[in-house]
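# Coordinates in review
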Amino acid sequence: MITVIGSGYVGLVAGACLAELGNDVVCIDTDAAKIDMLRRGEVPIFEPGLESLLRRGQEAGRLEFTTDYDLAVSRSTIFLIAVGTPPEEDGSADLRHVLSAAAAIGERLTRKAVIVNKSTVPVETAAKVEAVIAERLQARGVDVEFSVVSNPEFLKEGAAIEDFTRPDRIIIGSSDAWATEVMRNLYAPLNRRQDKIIVMDPRSAELTKYAANAMLATRISFMNELAHLSEAVGADIEAVRRGIGSDPRIGLRFLYPGCGYGGSCFPKDARALIRMGAEHKVPLRVMQAVEEANRRQKHALFEKLATFYGGERELDGKTIALWGLSFKPDTDDMREAPSRVLIEDLLSHGAQVRAYDPAAMKQTRQIFADASRLTLCPSAADALEGSDALAIVTEWREFRSPDFDEIASRLKDKAVFDGRNMYERSVTDTAGLAYFDIGRNPVEPRER
Ligand SMILES: NC(=O)c1ccc[n+]([C@@H]2O[C@H](COP(=O)([O-])OP(=O)(O)OC[C@H]3O[C@@H](n4cnc5c(N)ncnc54)[C@H](O)[C@@H]3O)[C@@H](O)[C@H]2O)c1
Ligand SMILES: O=c1ccn([C@@H]2O[C@H](COP(=O)(O)OP(=O)(O)O[C@H]3O[C@H](CO)[C@@H](O)[C@H](O)[C@H]3O)[C@@H](O)[C@H]2O)c(=O)[nH]1
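Residues numbered from 1 in each chain as written. Chains lettered and ligands numbered in written order. Predicted model: local features only at pLDDT ≥ 70, side-chain atom pairs only at ≥ 80, totals over all residues. Heavy atoms only, no water.

### A few points about helix α9 (residues 202-233)
The terminal C-alpha atoms of α9 lie 47 Å apart, and with 32 residues this matches the ideal 46 Å at 1.5 Å per residue to within 8%. A positive phi of about 75° marks G234, the residue just after α9. (Helix = DSSP H or I, 4+ residues; strand = E, 2+ residues; numbered from the N terminus. Expected span 1.5 Å × (residues − 1).)

What follows is the structure, encoded as structure tokens:
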């Protein structure tokens with residue numbers, strides 16, 4: 001039996017996928033409402049394919065949900081910790097949930113077990129988890145063998161099941177041969193065609209996770225800065241992207257400029273890595289710049305709108321349609337989403353916003369509960385109604401081939417500000433739309 005602690009994006013996906021592979025899995029969460037929902041067959045998050053996988057696991061009797069640690073710990077020999085590690089004030093990762101999960105295990109463990117840390121955590125957390133469990137066992141006066149392994153998760157939201165079941169690599173940070181073998185067996189069904197398992201010491205495994213996210217975030221911020229330069233010198237960032245991405249040393253993936261990276265990982269993990277560097281007196285200057293560039297980039301669409309209208313003050317009284325709210329397509333996750341910054345910028349300058357997203361409407365309503373000038377619209381077309389201009393923040397598939405004539409007929413100022421470079425100028429020109437994106441078609445002040 002495997003216990004998965006924390007039933008969020010990582011825990012639910014891991015639990016459902018491991019049950020699908022034939023394991024008996026119990027998912028535990030301290031949030032009783034979440035567990036009740038899951039027991040009723042409802043899924044608390046939007047993740048393509050997850051609902052049917054959870055249902056299959058439950059129907060097969062291989063997947064259960066509980067808030068009861070007593071029940072879960074007594075039956076398991078493998079524990080996956082997949083609880084949140086939110087940022088502290090100073091950017092460092094808050095380990096409260098991880099250490100409380102460790103304590104809950106130590107208070108109940110009765111047989112030899114592997115404790116697997118899947119949460120993203122700073123170097124030395126495996127040692128801290130081990131110390132907490134050892135301390136609780138000692139307090140109980142029992143001697144139970146256990147081993148702590150770092151096994152960071154690399155899934156992307158929106159493609160989480162595919163990423164979990166077809167991983168590029170499986171990192172196992174372990175200094176114990178028995179625990180490494182248990183992990184190899186756990187992942188054996190995902191590791192048949194080619195050996196993707198990389199075993200290393202726990203510290204290196206913990207750092208690998210931050211290094212991966214930091215490298216990807218760096219590529220994005222680099223491209224976003226180059227996009228500004230492209231606009232200034234009259235180059236086309238999309239051509240530059242293809243030009244450099246065709247070099248296999250660079251590669252085409254994760255090279256898309258846009259209106260900033262968001263989500264629950266890149267921003268938080270970049271800050272946590274910077275903090276880790278500071279704590280060890282190793283300033284991570286590149287990451288500081290990456291983070292700073294991204295913070296600014298989230299204002300890029302607002303700045304373009306302001307330039308178009310002849311100044312920020314001119315946005316007072318304008319109505320801007322907004323397509324896409326989630327931090328990326330195929331998720332309802334609004335954590336650190338660039339749309340939040342754009343909405344705040346627009347509302348604080350007196351504009352009205354008419355927004356639509358295929359999945360994140362409920363979340364947005366909760367976040368902006370008091371924003372009277374934000375209207376959440378039932379469709380992309382409805383968001384255009386009575387609007388002056390359109391801004392696009394998230395590249396959902398349904399925005400890829402819109403009816404440009406309809407957009408032109410509805411927008412008073414016939415201008416589109418695309419934060420994800422989805423369209424071609426030739427097409428928008430034909431419809432009579434002014435089109436501005438990131439690094440290709442610089443904004444020009446509107447003709448009056
Ligand atoms: N979301 C992603 O795409 C992703 C990908 C890779 C790694 N990670 C990392 O994985 C970790 C989890 O991320 P997430 O997005 O799944 O978080 P999440 O916030 O969606 O879910 C975490 C869950 O843990 C529960 N929890 C907290 N303390 C608990 C405890 N003591 N016992 C049982 N349950 C508890 C919470 O109620 C919550 O449901 C983080 O460290 C994150 O950085 C996330
Ligand atoms: O070329 C690109 C690629 C992504 N983004 C943006 O970057 C953010 C993050 O996107 P993505 O990485 O696809 O989503 P996450 O679900 O946050 O996944 C990242 O964070 C997870 C949590 O740590 C890791 O497990 C994944 O490997 C890592 O990709 C989003 O706002 C995207 O719009 C860009 O701007 N340009």
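### Observations regarding the sheet that holds strand β12 (residues 389-392)
The parallel open sheet is built from 6 strands, whose spatial order is β11-β10-β9-β12-β13-β14. One side of each edge strand has no neighbouring strand; the edge strands of this open sheet are β11 (374-376) and β14 (434-436). If you compare each strand with its neighbour and ignore which way they point, the axes differ by 20° on average. Relative to β12, strand β9 (residues 319-323) is paired through 4 bridges, and the arrangement is parallel. Opposite L322, over in β12, you have A391 as the bridge partner. (Pairing = 2+ DSSP bridges. Axes fitted to C-alpha atoms, helices over the stretch in contact; angles between N-to-C directions.)

### Let's talk about the site of ligand 2
Around ligand 2 sit 19 residues, and of these F154, L155, E157, N213 and C265 come closest. Within the contact set of ligand 2, an oxygen atom lies 2.6 Å away from a backbone nitrogen or oxygen of L155. Within the side chain of R420, one N or O atom sits 3.4 Å away from an oxygen atom of ligand 2. Protein burial of ligand 2: of its 700 Å² of free accessible surface, 91% is covered by the chains. Element by element, the count of residues in the shell around ligand 2 is highest for α9, at 3 residues. Residue composition of the shell around ligand 2, grouped by class: 10 nonpolar, 2 polar and 7 charged. (Near = heavy atom within 4 Å. Polar contact = N/O pair within 3.5 Å; in protein donor to acceptor, adjacent residues only side chain to side chain. Areas by Shrake-Rupley, 256 points an atom, 1.4 Å probe, with all protein chains shown as cover. Nonpolar A, V, L, I, M, F, W, Y, C, P; charged D, E, K, R; others polar.)

### Examining the UniProt feature "domain: UDP-glucose/GDP-mannose dehydrogenase C-terminal" (unreviewed entry) in the protein chain
Per the UniProt record, "domain: UDP-glucose/GDP-mannose dehydrogenase C-terminal" (unreviewed entry) is annotated on residues 321-425. The span residues 321-425 is 30% helical and 18% strand by assignment, and the distance between its end C-alpha atoms comes to 20 Å. (UniProt positions renumbered as here; feature names shortened; annotations may be inferred.)

### Observations concerning helix α3 (residues 50-59)
Listed as buried for α3 are L50, L53, L54 and G57. Across the axial projection of α3, the buried residues extend over an arc of 100°, all falling on one side. Where the residues of α3 are buried, they touch α1 (9-20), α2 (32-39), β3 (63-66) and α7 (160-165). Positioned one or two residues after α3, G61 has a phi angle of 75°, which is positive. (Buried < 20%, exposed > 50% of the residue type's maximum accessible area, 1.4 Å probe, protein only. Arc of directions from axis to C-beta. Contact = heavy atoms within 4.5 Å.)

### Thoughts on unusual backbone geometry
Non-glycine residue E336 carries a positive phi angle of around 55°. With respect to the helices and strands, E336 occurs in the loop between β9 and α14 (338-348).

### A closer look at the packing of aromatic side chains
In this structure the tally under the stated criterion is 12 aromatic pairs. Ring centres of F254 and F266 lie 6.2 Å apart, and the angle between their planes is 65°; on these two criteria the pair is classed as edge-to-face. Of this pair, F254 sits in the loop between α10 (237-245) and α11 (266-279) while F266 is found in helix α11, placing the two residues 12 residues apart along the sequence. F254 sits in the partly exposed class, given a relative accessible area of 28%. Where F308 meets F417, the ring centres are 5.5 Å apart and the plane angle is 75°; that geometry is what we call edge-to-face. A residue pair is termed long-range when its members are at least 10 positions apart, and F308 in helix α13 (residues 300-309) and F417 in strand β13 (residues 415-418) qualify at 109 residues. Among the residues examined, F308 registers a relative accessible area of 5% and is labelled buried. Through pairs of rings, three or more aromatic residues link up here, namely F308, Y309, F417 and F436. When the ring centre of W178 is taken as reference, the NZ or CZ atom of K112 above it lies at 4.0 Å. Positioned above the aromatic ring of F154, the side-chain terminus of R169 is 3.6 Å from the ring centre. (Phe/Tyr/Trp six-rings, centres within 6.5 Å; stacked < 30°, edge-to-face > 60°. Lys NZ or Arg CZ within 6 Å of the ring centre and 35° of its normal.)

### Description of the site of ligand 1
Looking at ligand 1, there are 28 residues lining it, with D29, K34, Y69, T85 and K268 nearest. At 2.6 Å, a side-chain N or O of D29 approaches an oxygen atom of ligand 1. Separating an oxygen atom of ligand 1 from a side-chain N or O atom of R335 is a distance of 3.4 Å. When ligand 1 is considered free in solution it has 840 Å² of accessible area, and contact with the protein chains removes 89% of it. Going through the elements one at a time, α1 and α5 (96-106) are the ones with two or more residues in the shell around ligand 1. In terms of residue count, α5 provides more of the shell around ligand 1 than any other element does, 3 residues in total. Per-class residue counts for the shell around ligand 1 are 9 nonpolar, 11 polar and 8 charged.

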